[in-house]
Amino acid sequence: MLRNLFERVKEVIIGVITSRLTILLLFFLLLGAGLIYRLFDLQIIHGQEYLDDFLLQSKKTKEISATRGNIYDCNGNLLAYNELAYSVKVEDVYETTGQSKNRQLNANIYKLIKIIEKNGDEVINDFGVVLNEDGEYEFAATSETQRLRFLADIYGERYTKDLDEDQRTATPDEVIAYMAGSKRYAIGAYKEEGNSRSGFVPGKGYTKDEVLKMITIRYAMSLTAFQKYMGTTVATDVNERTVAAIMENMDTLDGVSIEEDTVRRYVDNFYFSHIIGYTGKISTEEIESLNAKDLETGGDGTRYGRNDIVGKIGIEYYMEETLQGSKGIETVFVNNTGKVMSVLTEESEEAEAGNDVYLTIDKDLQIAVYNILEQKIAGILVSNIKNIKEYTGNDSDRPPIPIYDVYFALFNNQVIDVNRFTQEYASETEKEVYQTYLDYKGRAYDALSEELTTKMTPYNKLKKEYQIYQSNIVSLLLEKGILDSSKVDTTDATYIAWTKDETISLKEYLLYTISQGWVDATKINLDSQYADSETVYNQVLECIFEIIDANSEFQKKIYKYMILNDEITGKQICYILCEQGLVEMDEQDIDKLYAGQISAYQFMLNRISNLEITPAQLALDPCTGSVVITDVDTGDVRALVSYPGYDNNKMSNAEYNAKLRTDKSQPQWNHATQQLTAPGSTFKMVSATASLMEDLTELNSTIKCTGIFETVTPSPKCWIHPGVHGPLNVAEAIQKSCNYYFYEMGYRMSTLNGTYNAQEGLDILAAYADLYGLTEKSGIEIVESTPRIATEYPIQAAIGQANNSFTTVGLARYVTTVANGGTCYDLTLLDKVTDADGNVLTVYEPEVRNTIEMPKSYWDAIHLGMRKAVEGKSYFSDLAVNVAGKTGTAQENLTRPDHALFVSYAPYEEPEISITTRIAFGYSSDYAAQTTRDIVQYYYGLAEKEDIITGTADELDDAGFNND
């Protein structure tokens, strides 16, 4: 009946639209029909245009996202918040179907992408395929489970088990071809770029990047296609230029809208990124799991939808349901292009803001510790960089860092932008280096071609440079699937001659792989599947040079040998650092460099010393570290530092994400909670506890260290060998970190019944490690690796070697338990939760995992040993606060420096905090201890902040350099 009324009204209006009196009568007629509110909102005053808008409107209900809760430190300092921003959204408003609809949608999306990017913004990049630094598609998933879940979503399967073999094994290129093909979005082919061999059916000439972006948007739109009028977010936090450009083109951008939104911001991001994490677009798997949790907690299981932003890692992930809030509803009328014409406030509901989370972390302490750690790592680098080309020795205790390694690191970790070398604005030095690169690469390719055709030098007779090239060629052939790893017989004599004996040439090996059917002919674009071996080999050769020319890692190796062969000089590299604005120098320093008054070696040392070039940028050993500080009376974590950090404000930036994935310092890896290493001598308090509690020794009983533990064969040595410690009791053994003493304890644990039983010793060590919480994760609310207690060699395990492996945060729980005399807490980052008005909803109380019941005299002996160990360090002698601690040096790789560890607490007399420090490949435990010394000075205000945090590399105290 209402529809008939509208039709009659329309006829009347069209007939007498110019009459103001008639319009007035019409006004009252509509008032009687209960529609006056729409006339006011739509401003129907006169004209056919307004009438058409009125008649073509649709009622639409939109979800209003809730404001995400803030995150604060323990003192109320803001760490994460929301900022008002504009987002670009698009809806499918086309009524057509099939290829016609695809053409319209694709053209609309393509135009929108170009407008957004032209004005300096980016479109979303949350698809499961990304472009790597070589411009090739690769899966974004970091695990096989995630990859299969993505493929199941793409191919429309609810469960991964329902994928067929072709779907399960689909390559990134095959996924893109499927999504861009006629069965899905009909985007067409991407343009060939460089020497890329991948592509699909020709169509509109989009680039690979454009295809990926269009697929990303089309796929996101398809996920909400069943929900009419739900816009898909195309870009977030866009600038005013983008907003203006889109508004100007709104008449040709169908279904596109600019909406007010919020964007997540992080304060002091590099320092807190590993703790707080970041947010991102929700995945299918996350929708299912979060809605399942919603059901479990009394909700209706529909709290989360396809357009939601959720926590991906860190506290953002762990506290997702607390921070998220509840959505609101807005009812509006829109015209046929999706433009909002009016809002029905009486049918709308406001969103409810999420709750705020307060952490146990002290913001100022966290920042200070991060800076102290970076300074110390830089100091270790500076003290070990030597003006040499290569190091060929075997000093695993203190291998020097050749300056040529530093030069190459600037290319290897993409500090220097080689893409600038080919630009019009490239400097003369950049042009020179690029021409040298082209010449050198040409000669290298010629030499490789000769080896692969006529020369055929056995691998073990090649120069090191060409061994590296050829090994990488084989690796790339395997990676590309040209060499099918599933068919390669690793027991074959020819395979062994290539991989182990190294007595044949690469050509001989490749010809053999072809004869054995190990080469997948479908991967090399053969015209015929029945081609002979020579034809196949020639095609493989063609592929090899296309692959290595497009592979950035291979090209970096070209640069490496250009540097080692002095084709590029250290001075040229220093010039490029200046010309690319990578270092800040005054004019006097630059003049000295160009005048030759300062060497490239000294210039580079100065840059590292001033932290203009950071350890993270170089990604040489050491370039990472971690520190965890706890309150020993509660298990609250006051600082949890992982170096290097990353910018969690940029996680939606595709270019930044790509760089993070290839950064050789692994900034996204949480070195405090994920890195596992042997604890070294820091484990000796566990062994001391086991020895005392199992009556294997007494407090005043001594064992004489002779330097070599000859009770077993082979006979392990004490770190002091060829020296000796002589007779030591348990406290003195901890003080001196005597390996011999604890070898004997490990042996006694394994011979309780009179005969040697390794498992018996291991079981005892595991039982006491468990009392200190070392057999489980620490309780921390963010991602953490599972620790591993030794399963072999109890004698070595007793000194923290064998295959013991723990995180820094796991060791922090252990030393917290030592410090407080036996209370093992579940560590926590959470202090409290409040609502948006500040009302406290939850307070997180300390949770005790277990207690260690041990005589006070035993604790006193362990504590005394730790105090004496620190008293022996000269760099602790002038501290006004007494510290107790234990160093630990752990060897992981004979070709790399040892890990440096130090566990400690302070004050010794009345413990308040524990500090656990690890510098991976940090040479000596003394360096970890010196880092801790500076942290104690800062925490207790024992020195001026400016004297502790100088912004420059620290000078190291090598007086006590040791490997205990």
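Residues numbered from 1 in each chain as written. Predicted model: local features only at pLDDT ≥ 70, side-chain atom pairs only at ≥ 80, totals over all residues. Heavy atoms only, no water.

## Thoughts on the sheet that holds strand β15 (residues 625-631)
Pairing in this open sheet of 5 strands is antiparallel, and the strands run β16-β15-β25-β24-β23 from one edge to the other. Of all strands in the sheet, those with a lone pairing partner are β16 (637-643) and β23 (884-890), marking the two edges. Strand after strand, the sheet turns through a mean of 5° between neighbouring axes, direction not considered. As judged from the 7 bridges shared by β15 and strand β25 (residues 913-919), these two strands associate in the antiparallel manner. Each residue of the ladder has a partner; that of Val627, found in β25, is Thr917. Running over the sheet, helix α15 (residues 363-384) touches β15, β16 and β25 and is turned about 35° from β16. Contacts between helix α35 (residues 925-939) and the sheet are confined to β15, β23, β24 (899-906) and β25, with β25 contributing the most and set at about 140° to the helix. (Pairing = 2+ DSSP bridges. Helix = DSSP H or I, 4+ residues; strand = E, 2+ residues; numbered from the N terminus. Axes fitted to C-alpha atoms, helices over the stretch in contact; angles between N-to-C directions. Contact = heavy atoms within 4.5 Å.)

## Remarks on the packing of aromatic side chains
The final tally for this structure, using the stated rule, is 32 aromatic pairs. Over the ring of Tyr358 we find Lys832, and its NZ or CZ is 4.7 Å from the ring centre. (Phe/Tyr/Trp six-rings, centres within 6.5 Å; stacked < 30°, edge-to-face > 60°. Lys NZ or Arg CZ within 6 Å of the ring centre and 35° of its normal.)

## Concerning the confidence of the model for the protein chain
Parts of the model with low pLDDT should not have their predicted coordinates read in detail. With 90% of its residues at a pLDDT of 70 or more, the protein chain shows a mean pLDDT of 89. Below a pLDDT of 50 lies the segment residues 1-50, which in the model reaches 40 contacts outside its immediate sequence neighbourhood of four places, other chains included. (pLDDT = per-residue confidence, 0-100.)

## A word on the packing of α15 against α35
Packing of α15 against α35 leaves a shortest axis separation of 10 Å and a crossing angle of 145°. Between α15 and α35 lies a crossing whose hand is right-handed. Residues Asp364, Leu365, Ala368, Val369, Ile372, Leu373, Lys376 and Ile380 of α15 lie in contact with α35, whose contacting residues are Tyr927, Gln930, Thr931, Arg933, Asp934, Ile935, Tyr938 and Tyr939. Looking at the contact of α15 with α35, its residues break down into 10 nonpolar, 2 polar and 4 charged. (Left-handed = near helix turned anticlockwise from the far one by under 90°. Nonpolar A, V, L, I, M, F, W, Y, C, P; charged D, E, K, R; others polar.)

## A look at helix α34 (residues 856-871)
For α34, spanning 16 residues, the distance from its first C-alpha to its last is 22 Å, which sits close to the expected 22 Å at 1.5 Å a residue. Taken as a whole, α34 has its buried residues at Tyr858, Trp859, Ala861, Ile862, His863, Gly865, Met866, Arg867, Ala869 and Val870. The secondary structure elements touched by the buried residues of α34 are α28 (684-693), α29 (730-736), α33 (808-820), β23 and β24. (Expected span 1.5 Å × (residues − 1). Buried < 20%, exposed > 50% of the residue type's maximum accessible area, 1.4 Å probe, protein only.)

## Re the pattern of salt bridges
Counted under the stated rule, the structure contains 42 salt bridges. Notably, a salt bridge pairs Lys101 with Asp92, separated by 2.7 Å at the nearest N-O pair. We classify Lys101 as partly exposed; its relative accessible area is 21%. A residue is classified by how much of its surface remains accessible, and Asp92, at 37% relative accessible area, is partly exposed. Among the ionic pairs, Arg748 bridges to Glu744, the shortest N-O distance being 2.8 Å. (Salt bridge = Lys/Arg side-chain N within 4 Å of Asp/Glu carboxyl O.)

## Here's the deal with the packing of helix α18 (residues 464-479) against helix α22 (residues 552-564)
Where α18 contacts α22, the two axes come as close as 11 Å, and the packing angle between them is 175°. When the axis of α18 is compared with that of α22, the two are roughly antiparallel. Contacts from Lys464, Glu465, Ile468, Tyr469, Asn472, Ile473 and Leu476 of α18 reach α22 at Phe554, Lys557, Ile558 and Tyr561. In the contact of α18 with α22, the residues fall into 7 nonpolar, 1 polar and 3 charged. (Parallel < 35°, antiparallel > 145°, perpendicular 65-115°, else oblique.)

## What to know about a negative patch on the surface
A surface patch of like charges, here negative, comprises Asp164, Glu165, Asp166 and Glu174. Assignment of secondary structure puts Glu165 in helix α7 (residues 165-168). Overall, Glu165 belongs to the exposed group, its relative accessible area being 54%. (Patch = residues over 30% accessible without salt bridge, like charges linked within 9 Å, V, L, I, M, F, W, Y side chains within 5 Å. Areas by Shrake-Rupley, 256 points an atom, 1.4 Å probe, with all protein chains shown as cover. Lys, Arg positive; Asp, Glu negative; His and termini not counted. Charge placed at Lys NZ, Arg CZ, Asp CG, Glu CD.)

## Some thoughts on helix α19 (residues 493-501)
Where α19 is concerned, the buried positions are Tyr495, Ala497 and Trp498. Along the axis of α19, the buried residues cluster in a sector spanning 165°; they form a single face. Exposed and oriented more than 90 degrees from the buried face of α19 are Ala493 and Lys500. Tucked inside the fold, the buried residues of α19 contact α18 and α20 (506-515). Its side-chain oxygen placed 2.8 Å from the backbone nitrogen of Thr494, Asp492 serves as the N-cap of α19. Of the residues flanking the end of α19, it is Glu502, one or two places downstream, whose phi is positive at about 60°. (Arc of directions from axis to C-beta. Polar contact = N/O pair within 3.5 Å; in protein donor to acceptor, adjacent residues only side chain to side chain.)

## Some points on the pairing of β24
Summarising burial for β24: 8 of the 8 residues are buried, a large majority. Inspection of the sheet shows β23 paired to β24 by 7 bridges, in the antiparallel sense. Bridging from a neighbouring strand, Thr887 pairs with Phe902 of β24. Where β24 lies against β25, 7 bridges are found, and the strand directions are antiparallel.

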